[in-house]
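Spelled out, the chains give:
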Amino acid sequence: QYIYSESDAEVAVHLFVQSRVRLALAGSTVVLRQETDYPWEGHVRLTLESMDRPAMFTLRVRLPGWCRDPQVMLNGEPSTNPVRNGYATVQREWRAGDVLEVLLPMPVERVRAHPAMAENQGCVALRRGPIVYCVESFENGPLDQLLLPREAAVEARFEPGLFGGSKIIYGNAVAPMDDTWNGRLYRADPEAYREAPLRAIPYFCWANRTPGAMRVWIRETEGKP
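Scope of this entry: the structure provided in the associated data block. (Residues numbered from 1 in each chain as written. Predicted model: local features only at pLDDT ≥ 70, side-chain atom pairs only at ≥ 80, totals over all residues. Heavy atoms only, no water.)

Some details on the pairing of strand β1 (residues 4-7)
Here is step 1 of the chain: With four bridges joining them, β1 and strand β2 (residues 10-13) adopt antiparallel strand pairing. Paired with Ser 7 across the bridge in β2 is Glu 10.
Here is step 2 of the chain: Count of turn residues in the β1/β2 antiparallel hairpin: two residues. (Pairing = 2+ DSSP bridges. Helix = DSSP H or I, 4+ residues; strand = E, 2+ residues; numbered from the N terminus.)

This is the structure in structure tokens:
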């Protein structure tokens, strides 16, 4: 009931979970199959696997608010049906074998906080699709010194051996060179920086390998690494 809801002439898909459901729609018994690797990938395929007979009903599919450019395909062609209250709404006479696909692009995005959130100003969080990421100290060093240049490229790669298989974000950050201070507490000359490879994991996975500090909001700096 969390994934689907139905009435006499409508079914709504609320969550993207690989599954199969039997429905009673417009006087026809309908078996709907959902195939997806969400949340790692944004492709959702809904197939009307079997029907007693063709039937007129409405299929509604949630389009997540995090996705800026969702696409809906009906039997391989772009769907021009309306979006209502956050759901793609397709009303037609459906037949067994019809396929509705939802494509949700998942670029790695930098999320910024409202100016009223003073603690997060000058910082960004990394998000891909519905998943927020974090950095851990044991592989990124002191997190309060980690700086992510604004123009630094970040990319997600699937790591099958990590957390049972997860998308991990990689990038090039920078950090201060502590060995240039020569024992001084203060200095007037510009800070020197070194490259610091960044590796961010899904937030829900943190503290699953070794104890240590974790941070979601990463300090941002101008320029390239």
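Once you've had a look at it, read on.
Side note on the pairing of strand β13 (residues 123-128)
Here is step 1 of the chain: For β13, the buried fraction is high: five of the six residues fall into the buried class.
Here is step 2 of the chain: Direction of pairing for strand β12 (residues 108-111) relative to β13: antiparallel, over a ladder of four bridges. Paired with Glu 109 across the two strands is Arg 127, which belongs to β13.
Here is step 3 of the chain: Where β13 meets strand β20 (residues 218-221), two bridges bridge the pair, whose relative direction is antiparallel. Within β20, the residue paired with Val 124 across the bridge is Ile 218.
Here is step 4 of the chain: Bridge analysis of β13 against strand β14 (residues 131-136) gives two bridges, and the strand direction is antiparallel. Within β14, the position partnered with Arg 128 by the bridge is Ile 131.
Here is step 5 of the chain: Counted along the chain from β13 to the antiparallel partner β14, the turn is two residues long, and its residue Gly 129 has a positive phi close to 60°. (Buried < 20%, exposed > 50% of the residue type's maximum accessible area, 1.4 Å probe, protein only.)

Some points on the state of the cysteines
Here is step 1 of the chain: Counted under the stated rule, the structure contains zero disulfides.
Here is step 2 of the chain: Residue Cys 123 stays outside any disulfide, its sulfur separated by 15 Å from that of Cys 134, the closest cysteine.
Here is step 3 of the chain: Here Cys 205 stays unpaired: no disulfide links it, and the sulfur of Cys 134, its closest cysteine neighbor, is 8.2 Å away.
Here is step 4 of the chain: We classify Cys 205 as buried; its relative accessible area is 4%. (Disulfide = S-S within 2.5 Å.)

Focus: the sheet that holds strand β4 (residues 28-36)
Here is step 1 of the chain: Strand order in this open sheet of six strands is β3-β4-β5-β11-β7-β8, and the pairing throughout is antiparallel. At either end of the open sheet lies a strand with only one pairing partner, and these are β3 (19-25) and β8 (77-78).
Here is step 2 of the chain: Where β4 meets strand β5 (residues 43-51), seven bridges bridge the pair, whose relative direction is antiparallel. Bridge pairing in β5 places Glu 35 opposite Arg 45.

Here we look at the nonpolar core
Here is step 1 of the chain: The biggest cluster of nonpolar side chains holds 30 residues, and the ones touching the most others in it are Leu 32, Phe 57, Val 61, Trp 94 and Leu 100.
Here is step 2 of the chain: Breaking this core down by element, the ones donating at least two residues are β2, β3, β4, β5, β6 (55-62), β7 (71-74), β10 (87-94) and β11 (99-103). (Core = buried A, V, L, I, M, F, W, Y, C linked by side-chain atoms within 4.5 Å.)

As for a nonpolar patch on the surface
Here is step 1 of the chain: Taken together, Tyr 2, Leu 15 and Val 17 make up a surface patch of nonpolar side chains, about 330 Å² in accessible area.
Here is step 2 of the chain: Judged by relative accessible area, Val 17 falls into the partly exposed class, the value being 36%. (Patch = residues over 30% accessible without salt bridge, like charges linked within 9 Å, V, L, I, M, F, W, Y side chains within 5 Å. Areas by Shrake-Rupley, 256 points an atom, 1.4 Å probe, with all protein chains shown as cover. Salt bridge = Lys/Arg side-chain N within 4 Å of Asp/Glu carboxyl O.)

Some thoughts on unusual backbone geometry
Where the residue is not glycine, phi is negative for most of them; where a peptide bond is considered, it is trans in most cases.
Here is step 1 of the chain: Look at the link from Tyr 38 to Pro 39: it is a cis peptide, with omega at 10°.
Here is step 2 of the chain: Tracing the chain through its elements places Pro 39 in the loop between β4 and β5.
Here is step 3 of the chain: Phi is positive for Asn 75, close to 50°, though the residue is something other than glycine.
Here is step 4 of the chain: One can find Asn 75 in the loop between β7 and β8.

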